[in-house]
Protein chains: 4
Amino acid sequence: METKYSFELPMQVRDYEVDSQGIVNNAVYLHYLEHTRHEFCRAAGTSFRAMQEAGIDPVLRHVDIEYLHPLGLGEEMVSRLALRRSGARFVFVQDIFTVPDGKPVVRAKVTVVCLENGRISRGDVLAEAFKDYIEE
Amino acid sequence: METKYSFELPMQVRDYEVDSQGIVNNAVYLHYLEHTRHEFCRAAGTSFRAMQEAGIDPVLRHVDIEYLHPLGLGEEMVSRLALRRSGARFVFVQDIFTVPDGKPVVRAKVTVVCLENGRISRGDVLAEAFKDYIEE
Amino acid sequence: METKYSFELPMQVRDYEVDSQGIVNNAVYLHYLEHTRHEFCRAAGTSFRAMQEAGIDPVLRHVDIEYLHPLGLGEEMVSRLALRRSGARFVFVQDIFTVPDGKPVVRAKVTVVCLENGRISRGDVLAEAFKDYIEE
Amino acid sequence: METKYSFELPMQVRDYEVDSQGIVNNAVYLHYLEHTRHEFCRAAGTSFRAMQEAGIDPVLRHVDIEYLHPLGLGEEMVSRLALRRSGARFVFVQDIFTVPDGKPVVRAKVTVVCLENGRISRGDVLAEAFKDYIEE
């Protein structure tokens, strides 16, 4: 099944993100994915902060990331995102591709749950905020 | 089945690793895990560099990480590691616990393959280097 | 004396660059400055790598940075650069301003020398590469 | 005049701190210096957080850092600190040396002021907290 992404963000490797092997350090991709989620929220008209102020605390629970092709100095990429809901869990399907070739770089699933007053909620507020973006 | 760890490293959160939510940023745990693997190699009498010079290139393929309990400013932890071999793949089982309580912080599986001359090898050289540490 | 910048780069704070005080961590500005220098080199048609391959090794010797106004989550900035030569030393005058207000964020001087075969050179190759950009 | 350090912290380069040139990235030293200041505070029986809760906000104003000798993979260092007061300013003299050779790595001066209710204070509370450590 092909993923129908609902958001994408072009990015470029910054030199300090490259490690002594000449490739982007594995942890840096989690920064790319996080930055993409935050820009996605902004595009959807909300933010993690706004949610927190509304008493909802989105918490990262799980990351599954496959490293397919390493990025090097100055390379360009596009970071794509689809959002799925699975009960109380929100799963961000996040894939990064090289630009312009479109070679897959990483393929990730990032699972977030919502805490309300410190307890896992059904996430209806988040679901409402993202309703135009959730893939059925 | 309980994991029999073959290496452990005590660590402490550094203040700059904590983000605006007051907890260690999710990407930083990948740094903790990587640092633990490198110290493990050193303890086992080898290093990623030594391998590379011998023409073997260990490449990170997959990370699966569950976030169980967030660490905050100045907290202490112990990072534990077990190594399993599954065909051409080496799986580092890496778990971090709070100190002194022993609360699970993250639970991760990190998969590495060995390239020799740019092709995936069976990893016999790596297996030999780590033979005293591989969990059967 | 007003600085005549010869290069500028718009940037935006990424959420993971903000620390537990809610502001961009002090070390991150050095990343911003480094990224700006590298993009400047690219714009000038060269790169630190190209120089290294030509046997010239630009080495960072000194950073003097004043912190004037902290950046927070999601804020936009412009990073400006002027280049001066002082004997064998190249001084990058690097200032960052908020966008759109133009409030000064940091004011920095970054000094680089060129090693050729491991010894400090007069830097004529670098000076030639940047001749259109060096402020007299 | 020789610096009389009042605190020191042994540290070791972590592999992910090394960049594509094979040496510790320049921004990482600011992390080392910050971590040293925070550990110094802890040793002195206080913390930046404790100060903030007491209504005092120590703010970084200026960093002057000379890069003398680059650190590489796995190298050990000792980070030393002396504290001087100059009117409302607190100047941390922070030097890092290789271990075991004692070669100077970086030499830095880090200036901090104290805000109370958003205005620069004389810093008497901070001076009191550090009175056993301030070099006359």
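As shown above, the structure is provided for reference.
Below is a summary of the structure that appears in this document. The shown structure was predicted, so the numbers you read here are calculated from the model rather than taken from an experiment. (Residues numbered from 1 in each chain as written. Chains lettered and ligands numbered in written order. Predicted model: local features only at pLDDT ≥ 70, side-chain atom pairs only at ≥ 80, totals over all residues. Heavy atoms only, no water.)

**Observations regarding the relation of the copies chain B and chain A**
Turning chain B through 180 degrees and shifting it by 0.0 Å along the axis lays it on chain A, with an RMSD of 0.0 Å. The superposition of one copy onto the other is thereby described by a two-fold rotation axis. Among all C-alpha atoms of chain B, that of B:Asp64 lies closest to the rotation axis, at 2.2 Å. A shared interface surface links the copies, since 100% of the contact residues of chain B are contact residues in chain A too. (Least-squares fit on C-alpha atoms with pLDDT ≥ 70 in both. Contact = heavy atoms within 4.5 Å.)

**Considerations on the interface of chain A and chain D**
Contact with chain A, which involves six residues of that partner, is made by six residues of chain D. Taken together, the links from chain A to chain D amount to zero salt bridges. Across the contact surface, chain A and chain D share zero residue pairs in polar contact (both at pLDDT 80 or more). The class makeup of the residues in the side of chain A that touches chain D is three nonpolar, two polar and one charged. (Salt bridge = Lys/Arg side-chain N within 4 Å of Asp/Glu carboxyl O. Polar contact = N/O pair within 3.5 Å; in protein donor to acceptor, adjacent residues only side chain to side chain. Nonpolar A, V, L, I, M, F, W, Y, C, P; charged D, E, K, R; others polar.)

**Things to note about the environment of D:Leu81**
Residues and elements named next belong to chain D. Looking at the secondary structure, you find Leu81 in strand β3 (residues 76-86). By relative accessible area, Leu81 is classed as buried at 0%. Spatially, the C-alpha atom of Leu81 lies 9.8 Å from that of Tyr133, the residues being 52 residues apart in sequence. Excluding its chain neighbours within four sequence positions, the residues that come into contact with Leu81 are Tyr5, Ser6, Phe7, Thr36, Arg37, Phe40, Phe92, Val93 and Gln94. (Helix = DSSP H or I, 4+ residues; strand = E, 2+ residues; numbered from the N terminus. Buried < 20%, exposed > 50% of the residue type's maximum accessible area, 1.4 Å probe, protein only.)

**Concerning the packing of helix α1 (residues 26-43) of chain A against helix α1 (residues 26-43) of chain B**
Between α1(A) and α1(B), the shortest axis-to-axis distance is 8 Å and the interhelical angle comes to 175 degrees. Taken together, the axes of α1(A) and α1(B) lie roughly antiparallel to each other. When α1(A) is examined against α1(B), the residues A:Asn26, A:Ala27, A:Leu30, A:His31, A:Glu34 and A:Arg37 are found in contact with a partner set consisting of B:Asn26, B:Ala27, B:Leu30, B:His31, B:Glu34 and B:Arg37. Across the contact of α1(A) with α1(B), the residue classes break down as four nonpolar, four polar and four charged. (Axes fitted to C-alpha atoms, helices over the stretch in contact; angles between N-to-C directions. Parallel < 35°, antiparallel > 145°, perpendicular 65-115°, else oblique.)

**Observations concerning the environment of D:Gly22**
Residues and elements named next belong to chain D. Looking at the element boundaries, Gly22 is found in the loop between β1 (7-12) and α1 (26-43). Between the C-alpha atom of Gly22 and that of Arg37, which follows or precedes it by 15 residues, the distance is 26 Å. The residues touching Gly22, leaving out its near neighbours within four places in the chain, are Leu71, Gly72 and Leu73.

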